[in-house]
Amino acid sequence: MKKIIASGYDHLSEFVDGLAGGGFDENGTVLHDGRNTVKLFDVGGSRYVVKRFRVPHFFNRVMYTFFRGTKAKRAYENALRLKREGVGTPAAIAYADTRRGGLVAHCYLVTEFTDYKPIRDLIKEEKYLHIMGVGALVDFIIGLHDKGIKHKDLNSTNVVYRVGADLKFDFQLIDINRMSFGGMSRRECIANLTRICDEHRLIYFISQKYAEHRGWDRNYSLGLLAFYRGKFENKKKRSAYLKRLFSMAG
């Protein structure tokens, strides 16, 4: 097993070593159990979140072993990059890649626990916090784009928030294994908004606020959004159709 532990967390080395040996399966509280599994652990009175990535299919096992970093490694390194850029994300503590038959198998990412909530709940509220929160969210996303930070799955569960006593919003990014860094064009910025939520009314409201805060032409920006949102939805339909097709064939 290959593991990397961030400076200051060497005392968690034994905990990380034990994850692949039954420690993950036998302990912790499940926070999410889907394609990947996320659990909450209490170690020495401190809470940590561990995400176990499922074993990739054969082609990706080869790719992750010899040609590119695993999802756990990329998420760990992206968290360090975001910290350097001054962008909130749960502190990266460690990652561990296991192998089976010489190829990458399960991978584990360990981060600090965050009590921030998904923006999904915020943007659906019809209260004054909704209006304040959307404005703050838009400014947060603009800040990301100005720094050339693109979260490739920027949706309403991968951006989390907390409201301070002064009613100021603070945001963090999670699920950050798929990111890119570099300059972003106007088209790329608008395209990056297409997944922020599922409801058309809300996504157009958020995108309208984004254009206004940028000082961009609203109609042109919303036209771009409609184009990229259409492409995204068509891609989802094709994927769903292929999954049904393969399930029937199986």
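Treat the numbers as computed from the prediction; the structure is a model and nothing was measured. (Residues numbered from 1 in each chain as written. Predicted model: local features only at pLDDT ≥ 70, side-chain atom pairs only at ≥ 80, totals over all residues. Heavy atoms only, no water.)

### Let's talk about the overall build of the protein
Assigned secondary structure in the protein consists of eight helices and eleven strands. A compact globule built from 250 residues should have a C-alpha radius of gyration of about 18 Å, and the protein, at 20 Å, falls within 12% of that. Dimensions of the protein, computed from the C-alpha atoms along their principal axes, are close to 55 × 55 × 30 Å. For the protein, restricting intrachain contacts to residue pairs at least 6 apart in sequence, the fraction spanning at least 24 positions comes to 63%. As presented, the protein carries roughly 13,800 Å² of accessible surface, and 50% of it is formed by carbon and sulfur atoms. (Helix = DSSP H or I, 4+ residues; strand = E, 2+ residues; numbered from the N terminus. Rg over C-alpha atoms; globule rule 2.2 N^0.38 Å. Contact = heavy atoms within 4.5 Å. Areas by Shrake-Rupley, 256 points an atom, 1.4 Å probe, with all protein chains shown as cover.)

### Thoughts on the nonpolar core
Counting residues in each nonpolar core, the largest one holds 64 residues, and the members touching the most others are V110, L173 and Y210. Top element by residues in this core is helix 5 (residues 128–146). It accounts for seven residues. Not counting the four nearest positions on each side in its chain, Y210 is found in contact with V138, I141, I142, H145, C189, I190, L193 and W216. (Core = buried A, V, L, I, M, F, W, Y, C linked by side-chain atoms within 4.5 Å. Buried < 20%, exposed > 50% of the residue type's maximum accessible area, 1.4 Å probe, protein only.)

### Brief notes about the layout of surface pockets
There is about 350 Å³ of room inside the second largest pocket. Around the second largest pocket sit 14 residues that line it, and K150, A191, T194, R195 and F232 are the ones nearest its centre. If you list the elements that add at least two residues to the lining of the second largest pocket, you get strand 8 (149–151), helix 6 (186–191) and helix 8 (218–249). Among the elements that make up the lining of the second largest pocket, the one with the highest residue count is helix 8 (four residues). Residue classes in the lining of the second largest pocket are distributed as four nonpolar, three polar and seven charged. (1 Å grid on protein atoms, 1.4 Å probe; cavity = no way out; pocket = protein on both sides within 12 Å on 5 of 7 lines; lining within 4 Å. Points joined across faces, edges and corners; volume = space filled by probe spheres on them. Nonpolar A, V, L, I, M, F, W, Y, C, P; charged D, E, K, R; others polar.)

### Considerations on the sheet that holds strand 7 (residues 117–118)
Read across the sheet, three strands follow the order 7-9-10 without closing on themselves; strand pairing throughout is antiparallel. Edge positions in the sheet fall to strand 7 and strand 10 (169–173), since each of these pairs with one other strand and no more. Examined bridge by bridge, strand 9 (residues 159–163) and strand 10 share five bridges and lie antiparallel to one another. Each residue of the ladder has a partner; that of Y161, found in strand 10, is F171. (Pairing = 2+ DSSP bridges.)

### What about the environment of L109?
By the element assignment, L109 lies in strand 6 (residues 103–112). Given a relative accessible area of 10%, L109 falls into the buried group. Residues L109 and S239, spaced 130 residues apart in sequence, show a C-alpha to C-alpha distance of 27 Å. Setting aside residues up to four positions removed in sequence, L109 forms contacts with V49, V50, K51, F53, A72, A75, Y76, A94 and Y95.

### Considerations on the sheet that holds strand 4 (residues 46–53)
Strands sit in the order 1-5-6-4-3-2 across an open sheet of six strands; the sheet is antiparallel. A strand with exactly one partner marks an edge of an open sheet, and here the two such strands are strand 1 (2–5) and strand 2 (29–33). For this sheet, the mean inter-axis angle between neighbouring strands, taken without regard to orientation, is 20°. Relative to strand 3 (residues 37–43), strand 2 runs antiparallel, the two sharing four bridges. Paired with T29 across the two strands is L40, which belongs to strand 3. (Axes fitted to C-alpha atoms, helices over the stretch in contact; angles between N-to-C directions.)

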